[in-house]
Structure formats: C-alpha cells, structure tokens
Amino acid sequence: MGFLDVILGRSKPVRPDLDQLFGLPSAAITLQAGAGFVPTGLGSVCFASVEGGAFIRLQEDVRELLDTGTGAGAAPVEFSQDGYGYTWLLVRRPADDVAALVNDLHAVNTLLQDGGFGPQLLCSLLGFRDEGHRSLALVYLYKRGTFYPFAPVADAKDKRDNGLEIQVRALLGDDLRIEEDLARWFPVWGAPGLK
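Residues numbered from 1 in each chain as written. Predicted model: local features only at pLDDT ≥ 70, side-chain atom pairs only at ≥ 80, totals over all residues. Heavy atoms only, no water.

### Observations concerning the overall build of the protein
Counting its secondary structure elements, the protein contains five helices and six strands. Shown N-terminal to C-terminal, the secondary structure of the protein runs as helices and strands in the order α-α-β-α-β-β-α-β-β-β-α. Among the 195 residues that make up the protein, the fraction classed as buried is 41%. Here the protein displays about 10,200 Å² of accessible surface, and carbon together with sulfur accounts for 54% of that area. (Helix = DSSP H or I, 4+ residues; strand = E, 2+ residues; numbered from the N terminus. Buried < 20%, exposed > 50% of the residue type's maximum accessible area, 1.4 Å probe, protein only. Areas by Shrake-Rupley, 256 points an atom, 1.4 Å probe, with all protein chains shown as cover.)

Below, the structure written as structure tokens:
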C-alpha cells in the first residue's frame, strides 16, 4: 500500500484465506453434537456471472473437475441463476462425507480465483438440517474470509431464526472465523444447497 493510499484512507482488499473452508468438517461435528444439525450433503458457490468465452470455458472446467468425482447414478454439478442474476453452482455429495464436499467447494473457489474471476466470487455455503426439519447454512463470505450462520424459518417468507443463528455463532466460535459484523450476515433466500 502506498503513501497516498494511507493518507486517503484507501486499503487493499484482504485476499481471502480459502483454507478457512477446511474448518467446516470439524464445525459440522460440533454443530451435530451441540445443536443436533447434520449435514445435508449439499453445498454451493455463488458468483457474479461474467459474459465471454473465458468464463464459459471456466464453467466447463469446473463441471468437468467436479463431475469426475461422481459415481454411477450420482447427480452432476448443477448451475442455476437466481432472481438477482447471480450464478449458483450446487454440489452434491453423500451427507456423511463433509470433507469431500468441502474439497469440492474449495476447488471451485480456487479455480475461479486462479482464473482471474476472484472479484466475482461472493460466497459459499454448506447446508444442514435437524430432526425438526429446520434448515441451516454455514455461509463463507469470500471477500471477508469469515463465516456466518443463516437459518431461514420454514414456511415463512423472508423470516430468519435469529436466536438459532446467535446460538450457532456461540457454538462454532472455536471452529470457524465467525463474521463479527452482524450487518454482513446477508440472507441467502432460496439458495441452492439450503433445503
């Protein structure tokens, strides 16, 4: 950072530590033991789409990379677009293999970042569910390098279970780097991987 940047109050964005994603398997164990939430086997990556052949080729590379690991009858990687124009990549793995799912999410983030599309990456999430069929996601904010819990209330449009989110924050404080600014706990309504 240069002298003028310091004077003008500009700062370089912190490069995210994608290895933080590898804390998710231990967080999943803590979440199951402490709150009864188990992984669903679904995870997703959200990014802003970019027009052009290079980005289309990168999407094909992601699909090829992740589909290679699917067995016979396994669902391939799915791409979708939400109402805001963001692209979501959904990855499915067996619910008891959180490590494989995290490896896939890390690979997608790394491939996009190394392909020069890091600024388009927004977040990744890992889905969970409890016996009462409540949904929960652990969301990784790419640009902040932090996690936060997102707990939508079932059968209620655009309503969150804030109490559960705070409980999960306290529970996972030793496992993950939790986002301290609650204003950055953005809702991800209808995100693939959160069902």
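### Here we look at the sheet that holds strand β4 (residues 121–129)
The sheet built from six strands is open, its strands ordered β2-β3-β1-β4-β5-β6 with antiparallel pairing. Only two strands of the sheet have a single partner each, and these edge strands are β2 (78–81) and β6 (146–150). Direction aside, the axes of adjacent strands within the sheet are offset by 25° on average. Summarising the sheet, strand β1 (residues 38–48) and strand β3 (residues 86–92) pair through seven bridges and their orientation is antiparallel. (Pairing = 2+ DSSP bridges. Axes fitted to C-alpha atoms, helices over the stretch in contact; angles between N-to-C directions.)

### Some remarks on the packing of helix α3 (residues 53–67) against helix α4 (residues 98–117)
Interhelical geometry of α3 versus α4 gives an angle of 155° and a closest axis separation of 10 Å. Between α3 and α4, the interaxial angle falls into the category roughly antiparallel. The two elements α3 and α4 cross, and the hand of that crossing is right-handed. Along its contact with α3, which presents A54, F55, L58, D61, V62, L65 and L66, the element α4 presents D104, A107, V108, L111, L112, G115 and F117. Residues that form the contact of α3 with α4 fall into these classes: 11 nonpolar, one polar and two charged. (Parallel < 35°, antiparallel > 145°, perpendicular 65-115°, else oblique. Left-handed = near helix turned anticlockwise from the far one by under 90°. Contact = heavy atoms within 4.5 Å. Nonpolar A, V, L, I, M, F, W, Y, C, P; charged D, E, K, R; others polar.)

### Focus: the side chain of Q20
On the secondary structure map, Q20 appears in the loop between α1 (3–8) and α2 (24–35). For Q20, a relative accessible area of 17% translates into the label buried. For Q20, the residues in contact, after removing those within four places along its chain, are Y140, G145, F147, L176 and R177.

### Examining the side chain of S44
Here S44 is to be found in strand β1. Residue S44 is classed as buried on the basis of its relative accessible area of 0%. Those residues in contact with S44 that lie beyond four places of it in its chain are W88, L89, L90, L105, C123, S124, L125 and P192.

### What to know about the environment of P187
Among the structural elements, P187 can be located in the segment after α5 (162–171). For P187, a relative accessible area of 37% translates into the label partly exposed. Here the alpha-carbon distance between P187 and P149, two residues 38 residues apart in the chain, equals 9.6 Å.

### Describing α4
When α4 is considered as a whole, its buried residues turn out to be V98, A100, L101, V102, D104, L105, H106, V108, N109, L112, Q113 and F117. Along its buried surface, α4 packs onto α2, β1, α3, β3 and β4.

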